[in-house]
Amino acid sequence: MNKIERTPAPQWLEKKWEEWGKRWAQRYAKTQLGSSFTWYTNQKKSRPELVEKLAAMTKNHCSFCDAFPMGRRIPYTIEHFRPKTKFPLLAYKWNNLFLCCGLCQQKGDAFDEQLLKPDEDEYHFDHYFVINWDSGELMPNEGQSADNQMRAQITIQLYRLNANGKPEDRLEELNRWLDSAKPNIDEWAYRFFIERGV
Ligand SMILES: [Zn+2]
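For clarity, every value in this text was computed on a predicted model and none was experimentally measured.

Asks: Go over the overall build of the chain, please, and point to the residues and values.
Replies: Scanning the chain for helices and strands turns up five helices and four strands. Secondary structure elements of the chain occur, N-terminal to C-terminal, as α-α-β-β-β-β-α-α-α. Over its C-alpha atoms, taken along the principal directions, the chain stretches across nearly 50 × 40 × 30 Å. Counting over 198 residues, the chain shows a buried share of 45%. Across the chain, contacts joining residues at least 24 apart in sequence account for 65% of those joining residues at least 6 apart.

Asks: Which residues make up the layout of surface pockets, and what are the values?
Replies: Rolled over the atoms, a probe as big as a water molecule pinpoints where empty space is left. Here the largest pocket is characterised by a volume of approximately 170 Å³. Around the largest pocket, the lining residues are Phe37, Trp39, Arg47, Ile78, Glu79, His80, Pro83, Lys84, Gln105, Gly108 and Asp109. Examining the composition of the lining of the largest pocket, we find that three residues originate from one element, strand 1 (residues 76-80), more than from any other. Classifying every residue of the lining of the largest pocket gives four nonpolar, three polar and four charged.

Asks: A description of the environment of histidine 80 should follow, citing residues and the corresponding values.
Replies: On the secondary structure map, histidine 80 appears in strand 1. Along the chain, histidine 80 and tryptophan 94 lie 14 residues apart, while their C-alpha atoms are 9.6 Å from each other. The residues contacting histidine 80, other than those within four sequence positions of it, are Phe37, Trp39, Ala91, Asn96, Leu97 and Lys107. A distance of 2.8 Å separates a polar side-chain atom of histidine 80 from the backbone oxygen of alanine 91.

Asks: Now, about the nonpolar core: what can you tell me, with residues and values included?
Replies: In terms of nonpolar packing, the biggest core is built from 55 residues, with Leu50, Phe64, Tyr92, Cys104 and Phe129 touching the most fellow members. Put simply, the parts of the chain that give this core at least two residues each are helix 1 (11-31), helix 2 (47-58), strand 2 (97-101), strand 3 (129-131), helix 3 (146-158), helix 4 (166-179) and helix 5 (191-196). The element contributing the most residues to this core is helix 1, with six residues.

Scoring rules and cut-offs
- Residues numbered from 1 in each chain as written.
- Predicted model: local features only at pLDDT ≥ 70, side-chain atom pairs only at ≥ 80, totals over all residues.
- Heavy atoms only, no water.
- Helix = DSSP H or I, 4+ residues; strand = E, 2+ residues; numbered from the N terminus.
- Buried < 20%, exposed > 50% of the residue type's maximum accessible area, 1.4 Å probe, protein only.
- Contact = heavy atoms within 4.5 Å.
- 1 Å grid on protein atoms, 1.4 Å probe; cavity = no way out; pocket = protein on both sides within 12 Å on 5 of 7 lines; lining within 4 Å.
- Points joined across faces, edges and corners; volume = space filled by probe spheres on them.
- Nonpolar A, V, L, I, M, F, W, Y, C, P; charged D, E, K, R; others polar.
- Polar contact = N/O pair within 3.5 Å; in protein donor to acceptor, adjacent residues only side chain to side chain.
- Core = buried A, V, L, I, M, F, W, Y, C linked by side-chain atoms within 4.5 Å.

Interpretation note: all reported values are geometric properties and have no functional meaning in isolation.
Structural data, given as structure tokens:
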């Protein structure tokens, strides 16, 4: 998980997020169906622009595993860090939204206050995680506080950072990078892994 510098919210979202959040909270209270959520794609400013803005912050990488969400195996989604069913009023709040791959999105409605948020001020990979270079897995950094280790563990579990073949994918990406002409790191997946593996 890379640190993310959050850019300012799109103006149209800044204007509307509270109103849309209230509307969604009412609808959800009635239906209890997360699937009835909409990004208002019929309006002029819509999901595509939102995705574009979120993708610019991560250079098109998933905010959590740092894979490229664009593709057949791993479609992109917009992740509500605080789930839209548990925190409906925050469903359109800019700093609650992240570009996310379909695999990390399996987190679903799970949430824990200890979950690491990649754009929070004090977040830094090494303060929470270490890498097991044999398996490619992320592990809590035992050199850090018990609280930091717990937060790392919860984040690994909820975003399934060691599931879905991700550890193997990370090792393969590093090997490809080592064999390549090593162009711009932003063109590669799992940048936090490659940067520490060389
Ligand atoms: Zn992901």
